[in-house]
Amino acid sequence: MSSVTGTKTGKTYWRSLDELADTPKFRDFLAREFPEGAAELLSASTRRNFLKVMGASFAFAGLTGCRWPKETIVPYSRRPETYVPGKTKQYATSMELGGFASGLLVTSYDGRPIKVEGNPSHPNNQGAADALSQASILELYDPDRNTALKQRGGEGFIGKTWDDFIAFARTHFDEAQQRHGNGVHILCEASSSPSLAAMRSRLQAAMPQAMWHEYEPLSRDRAIEGAQRAFGKPYRTHRNLKDARVILSLDADFLGQDPNALKYAREFALGRKPDREMNRLYSVESVYTITGAMADHRLPLQSGQIEAFAYALAGQVVTELDSELPEEYQPLALSILQHADPAEADDFVKALAKDLVAHRGNAVIFCGLRQPASLHVLVHFLNEVLGARGRTISYTEDPEAARPSYGDAIRSLTKKMHGGTVKTLIVIGGNPVYDAPADLDFAGGLKKVPVSIHLSLYENETSLGCVWNLPRAHYLESWGDTRAYDGTLCTQQPLIAPIYDGKSAIELLSIILGEPMAGYELVRRTISELENISEFESFWRTLLHEGVLSGSQYPVIEPELQVQAVRALFDEFTPTEAAESDYLELVFYQDPRVYDGRFANIGWLQELPDFLTKITWDNAALISPSTAEALGIQHQDMIEVDCGGKKAEIVAYVMPGQAPNSIALSLGYGRAAAGKVGNGVGFNVYPLRTSAEMDYTIGAEIRRTGQTYELACTQDHFAIDTVGMRERSKRIGQLVREATLDHYEEHPDFAHHIAHEPEPAPLWKEHEYDGQKWGLTVDLNLCIGCNACVASCQAENNIPVVGKEEVANGREMHWLRIDRYFSGDPESPEVAHQPVACVQCENAPCEQVCPVGATMHDHEGLNVMVYNRCVGTRYCSNNCPYKVRRFNYFNNHKNLKPVEMMKFNPEVTVRSRGVMEKCTYCSQRIQAKKIESKNERRSIADGEIRTACQQTCPTNAIVFGDLNDPQSEVAKLHKEQRAYEMLGELNIKPRTLFLAKIRNPNPELEGEETHGSSHDEHSSHS
């Protein structure tokens, strides 16, 4: 959408700085319907040659069978008695990441898993699933996985079998047991698995001098230390956002990068309904996050300055509480006021403190994991005095606290490796050669270990440095158990036999202990010992069916805040150097797509546009516009980052909303041994990370290299040219419509206020739908832009990956995109997300121009695609005002290996070259439920059919159903006052309606330029 001031809000919306400046580059991209290349298929430069090509296209329309190879369907020779071919089943399992479990329901088709959904019984997922979980299907069928055992010999690796390794292990570890495990070290990624803990206990009983280390490059160490100092014992903090009315996030992306993110997102969404009391979100952060994008007020601030901000806030909160402050905190209050003078607080701090205190008991503060332990202590204190305990906060034991910090663990192990005391190293998962702190030189220490064994899903950088390289079983191939963040016990069950004969971590440990056992037996043994159930078989079947053990969460504890520990904070606090200077700060953050690098070879995730930057197939150094100008850096310049002598080159991305003098670097790219997909993608910034400063550091120097680098960024792709439309129609409406809560309460129908002209006369008699009439709504107030819906749509509908070059050409194939719009000051703008797919127009412009009837309405009003009619004219895409139709320039599914073909959903056609495709409201799901209901002689219940995007959405922003059922949720939402038709003025009557976004700003802060609010939203109504 071009940067125009609409009649709804008075705001200027823009996708990129190029669009805001209306540069020739942006105008050129917008003007071309098919960027960079329709010429590859239609190279004719003359009308005669064009007609020849078109003639050939029409001729081939009758020969569509030549596009696909013939296949022979072979029946079972001996079909199992209970097996019904072609019928899908769902199994409950769990995926562990960073030591925490996500509960999943996985659909299996003829014995192969094809789709991941969230488990409604799981306390975190509650039926939702994130993009990483959705993409794990592609990881399962990745041909680049570790496929065979290897042992280093001579100049390379020699192929081995599990029998070979078992024979080696029997001899080697028998000798190790005789010396009580002296010299044996195990390095394991984080896990909450009770079975793994049980195997660890058995190993340490057999080898008491063996040492166990845990390491994750992304840790909770500071949060654990902060709880230890605040309460005298580390406790795990749980937030309840259902009762929260004021939420403050201090550098915490609790909606995107938190073990409980899905739960928090759903609870947060419950408080964003404008027809009830809305919550208010404040975010103070350096890097624009999903949480910051949803904030009613966002303050961009260096990570190193946030602690000083919190101290000023504490002084103001104590002042606001005054006599209401509990007596035991009165002496502490005096100490706070001595170090944080309320008179020096700025307007933002004063208004925030006042709002928090006014909602005492319904306020909650989050502290980011990269922030120091001292700030976590302070946040615990603030939550206590704000009455959060028992309402918006609770505490449980934290089993992670029993281990050394990840930093201490990897530092200790590496020192021993370099010292020559590590004789045998077993690495379970992880990739420390790639992601360990650069100053430790883990790779150099690994070379000094005589026997090193790596169990890994991929042959990664660490595998290449070890003596033994063992294939690990995928979680969808394994028996296992793990725990959710609240402690709920979850099960893992395999949906397919190990494709590459991999072993799980517990199976490897059983081999090392000389008692090889299957994972099934190990997990059953552990759970039977944990639960001590007499009727275990019945219990076991129920547990597998549900996937979670109800009532197994950790018990809630009432810890006592250590007042002296909080007082010591203020006595010791001095502002950091970053808070008092113009030093450049480097901030390292978890990438939302490749995590810490472990998902780098998953094409679905690499091609998934970042929720805010819209970068695909890359990472970049995010720099604020003012900092970029001061440094003389342009967008897509290559820069050299020098931090204490450690250097890395990376491309610059000028990012609106990035904190000044703060450079954000996402981890997980620049891999050298990720697989064919992930090798060499992006830039490795781990070499800048040290064990002392793993999250952010100050004092960096930035220099331009003189080179530029092209990013495959989708932010300006498929932009809707509202300027051109306004020239043809005076009735154009804003694509994103939003208002403040106050304005909405005063003008509840603001979303419909456009300059009305007489309704256009219909060109033909429109069809009336007597049966089902499917429709959908998207609530812009609930969409957090997390990309889960895009990943789910790709997995469900066999959408191909096209690669960086084709994305740069504007040819990405996603049926669903999330348009991200900025508004306000580029230094601190507001953000609005808008998911856009085919809206199933009643008067569909695409149908009016298709020469072969390949796109047409069915009897329920869906705009469907008949792929074997399509001849690739692309007239439909040219005529689509929403720009949601995708053209297959190439046969993207050609030359796939057999294992890669197993990912396909057999209910959805696999499209070939020359075919147009787009969203169909998951018509395969509609048909499946229609058949089921017909066989059972009943009607389809409302909510029984859920599209892939709807099912995975953590905030329930998407609702699908029958518009002819007046009691259906979607029919009610279509009549909502916030509901509007995007581009409805074109008289195309879309079936998808959007619900306008409502913000809930603090009246005392409206108009504050520092927070990116242009707050002239409704000047057009004055």
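Residues numbered from 1 in each chain as written. Predicted model: local features only at pLDDT ≥ 70, side-chain atom pairs only at ≥ 80, totals over all residues. Heavy atoms only, no water.

Enquirer: Looking at this structure, how should I read the overall build of the chain?
Expert: Helix and strand content of the chain: 33 helices and 40 strands. When contacts within the chain are restricted to residue pairs at least 6 apart in sequence, long-range pairs at least 24 apart make up 75% of them. (Helix = DSSP H or I, 4+ residues; strand = E, 2+ residues; numbered from the N terminus. Contact = heavy atoms within 4.5 Å.)

Enquirer: Looking at this structure, how should I read helix 7 (residues 221–231)?
Expert: Along an α-helix, residues three or four apart share an orientation, since each turn contains 3.6 residues. Along helix 7, the positions that sit buried rather than exposed are D221, A223, I224, G226, A227, A230 and F231. Buried residues belonging to helix 7 abut strand 9 (235–239), helix 13 (373–385), strand 14 (393–397) and helix 14 (406–419). Looking one or two residues beyond helix 7, the residue adopting positive phi is G232, at roughly 80 degrees. (Buried < 20%, exposed > 50% of the residue type's maximum accessible area, 1.4 Å probe, protein only.)

Enquirer: Would you explain the nonpolar core in this entry?
Expert: Nonpolar side chains tend to gather and get buried jointly when the protein is soluble and globular. One finds L250, L378 and F381 to be the most contacted residues of the largest nonpolar core, which totals 112 residues. If you tally residues by element for this core, the top one is helix 10 (residues 306–321), at nine residues. Sequence-distant contacts of L378, that is, excluding residues within four places in its chain, are made with A310, Y311, A314, L569 and F570. In this structure, Y500, A795, L816 and C850 belong to the second largest nonpolar core, which totals 94 residues. (Core = buried A, V, L, I, M, F, W, Y, C linked by side-chain atoms within 4.5 Å.)

Enquirer: How should the packing of helix 19 (residues 519–531) against helix 20 (residues 536–546) be read in this particular structure?
Expert: Helix-helix packing is described using two parameters, namely the angle between the two axes and the distance between the axes. Running from N to C, helix 19 and helix 20 point in directions that differ by 110 degrees, and their axes come no closer than 11 Å. In terms of orientation, helix 19 and helix 20 fall into the roughly perpendicular class. Both helix 19 and helix 20 take part in a crossing whose hand is right-handed. Note on element contacts: helix 20 touches helix 19 through F536, E537, F539, W540 and L543, opposite Y520, V523, R524, I527, S528 and E531. Among the residues making up the contact of helix 19 with helix 20, the classes are represented as seven nonpolar, one polar and three charged. (Axes fitted to C-alpha atoms, helices over the stretch in contact; angles between N-to-C directions. Parallel < 35°, antiparallel > 145°, perpendicular 65-115°, else oblique. Left-handed = near helix turned anticlockwise from the far one by under 90°. Nonpolar A, V, L, I, M, F, W, Y, C, P; charged D, E, K, R; others polar.)

Enquirer: Can you help me understand the side chain of R689 in this one?
Expert: Looking at where R689 falls in the secondary structure, it is placed in the loop between strand 26 (662–666) and strand 27 (696–708). Among buried Asp, Glu, Lys and Arg side chains, R689 stands out as unpaired, with D695 the closest opposite charge at 4.1 Å. Here M694 takes part through its backbone oxygen, which lies 2.5 Å from a polar atom of the side chain of R689. Once residues within four sequence positions are removed from consideration, R689 is found in contact with Y215, P217, L218, D435, P437, A438, D439, F588, L667, M694 and D695. (Lys, Arg positive; Asp, Glu negative; His and termini not counted. Salt bridge = Lys/Arg side-chain N within 4 Å of Asp/Glu carboxyl O. Polar contact = N/O pair within 3.5 Å; in protein donor to acceptor, adjacent residues only side chain to side chain.)

Enquirer: Honestly, helix 12 (residues 347–358) in this entry has me stumped. Any pointers?
Expert: Helix length check: helix 12 (twelve residues) gives 16 Å between terminal C-alpha atoms against 16 Å at 1.5 Å per residue, within 8%. Among the residues of helix 12, those classed as buried are F348, V349, A351, L352, A353, D355, L356 and V357. Two or three places before F348, at the start of helix 12, stands the capping residue D346, its side-chain oxygen 3.2 Å from that residue's backbone nitrogen. (Expected span 1.5 Å × (residues − 1).)

Enquirer: Just checking my understanding: could you explain the sheet that holds strand 26 for this structure?
Expert: Backbone hydrogen bonds are what pair the strands of a sheet, in a parallel or an antiparallel way. Strand order in the closed barrel formed by six strands is 21-26-23-25-24-27, and the pairing between neighbours is mixed. This sheet shows a mean twist of 45 degrees between the axes of neighbouring strands, independent of strand direction. (Pairing = 2+ DSSP bridges.)

Enquirer: Please explain empty space enclosed by the protein as it appears in this structure.
Expert: Vacant regions in the atomic arrangement are exposed by a probe of water-molecule size rolled over the atoms. Summed over the entire model, instances satisfying the criterion amount to twelve cavities of 30 Å³ or more. When its volume is computed, the second largest cavity comes out at roughly 900 Å³. What lines the second largest cavity is a set of 47 residues, and nearest its centre among them are E96, E189, G429, R472 and R598. Sorting the residues of the lining of the second largest cavity by element identifies strand 2 (88–97), strand 7 (184–188), strand 15 (424–428), helix 15 (432–435), strand 18 (480–483) and helix 18 (505–512) as the ones contributing at least two each. Partitioning the lining of the second largest cavity into residue classes produces 21 nonpolar, 16 polar and ten charged. (1 Å grid on protein atoms, 1.4 Å probe; cavity = no way out; pocket = protein on both sides within 12 Å on 5 of 7 lines; lining within 4 Å. Points joined across faces, edges and corners; volume = space filled by probe spheres on them.)

Enquirer: Just to check I follow, could you spell out the pairing of strand 3 (residues 100–109) for this structure?
Expert: Looking down a regular strand, the side chains alternate between one sheet face and the other. For strand 3, the tally of buried residues reaches ten of ten residues, placing the bulk of the element in the interior. Residue alternation in strand 3 divides its side chains into two sets, F100, S102, L104, V106 and S108 and A101, G103, L105, T107 and Y109, and both sets are buried. Pairing analysis gives ten bridges linking strand 2 to strand 3, with the strands arranged antiparallel. Each bridged residue has a counterpart across the sheet, and for Q90 the counterpart in strand 3 is T107. Taken together, the six bridges between strand 3 and strand 4 (residues 112–118) define a ladder with antiparallel strand orientation. Residue pairing across strands places L104 opposite G118, the latter belonging to strand 4. In this antiparallel pair of consecutive strands, strand 3 and strand 4, the connection spans two residues, and D110 shows a positive phi of 50 degrees.

Enquirer: What's the story with the sheet that holds strand 8 (residues 211–214) in this structure? I'm lost.
Expert: One open sheet accounts for seven strands, arranged 6-5-17-16-15-7-8; its pairing is mixed. Each having just a single partner strand, strand 6 (156–160) and strand 8 make up the two edges of the open sheet. Within the sheet, the average angular offset between the axes of one strand and its neighbour, ignoring direction, is 20 degrees. Where strand 7 and strand 15 come together, five bridges link them in parallel fashion. Considered in strand 15, the bridge of H185 is made with L425. Docked against the sheet, helix 6 (residues 194–206) engages strand 7 and strand 8, running at close to 150 degrees with respect to strand 8. Its contacts with the sheet put helix 14 on strand 7, strand 8 and strand 15, and the angle it makes with strand 8 is roughly 130 degrees.

Enquirer: What is the right way to look at a negative patch on the surface in this model?
Expert: Among the surface-exposed residues, D742, E745, E746 and E1006 lie close enough to one another that they form a single negatively charged patch. Summarising the element assignment, E1006 is placed in the segment after strand 40 (997–999). (Patch = residues over 30% accessible without salt bridge, like charges linked within 9 Å, V, L, I, M, F, W, Y side chains within 5 Å. Areas by Shrake-Rupley, 256 points an atom, 1.4 Å probe, with all protein chains shown as cover. Charge placed at Lys NZ, Arg CZ, Asp CG, Glu CD.)

Enquirer: Would you mind going over the confidence of the model for the chain with me for this structure?
Expert: For the chain, the mean per-residue pLDDT works out to 85, and 87% of the residues sit at or above 70. Of the regions scoring below 50 in pLDDT, residues 1–9 engages in 57 contacts with residues more than four places distant in sequence or in other chains. Contacts from residues 36–71, a stretch scored under 50 in pLDDT, to residues over four places away or in other chains number 35 contacts. (pLDDT = per-residue confidence, 0-100.)

Enquirer: Would you explain the pattern of salt bridges in this entry?
Expert: If charged atoms from side chains of opposite charge come close, those side chains can pair. The final tally for this structure, using the stated rule, is 52 salt bridges. Salt-bridge contacts for E842 lead to K773; the nearest nitrogen and oxygen are separated by 3.8 Å. Of this pair, E842 sits in the loop between strand 32 (830–836) and helix 28 (845–849) while K773 sits in the loop between helix 25 (741–746) and strand 30 (774–779); the two residues are 69 residues apart in sequence, bridging distant segments of the chain. The partly exposed category is assigned to K773, whose relative accessible area is 24%. For E932, the salt bridge goes to K929, with nearest N and O atoms at 3.6 Å. One end of the pair is E932 and the other is K929, both in helix 31 (residues 923–935) and three residues apart, which spans about a single turn. Note on E932: relative accessible area 31%, which makes it partly exposed. Bridged by salt links that share partners, the residues E189, E216, R472, D596 and R598 form one connected network.

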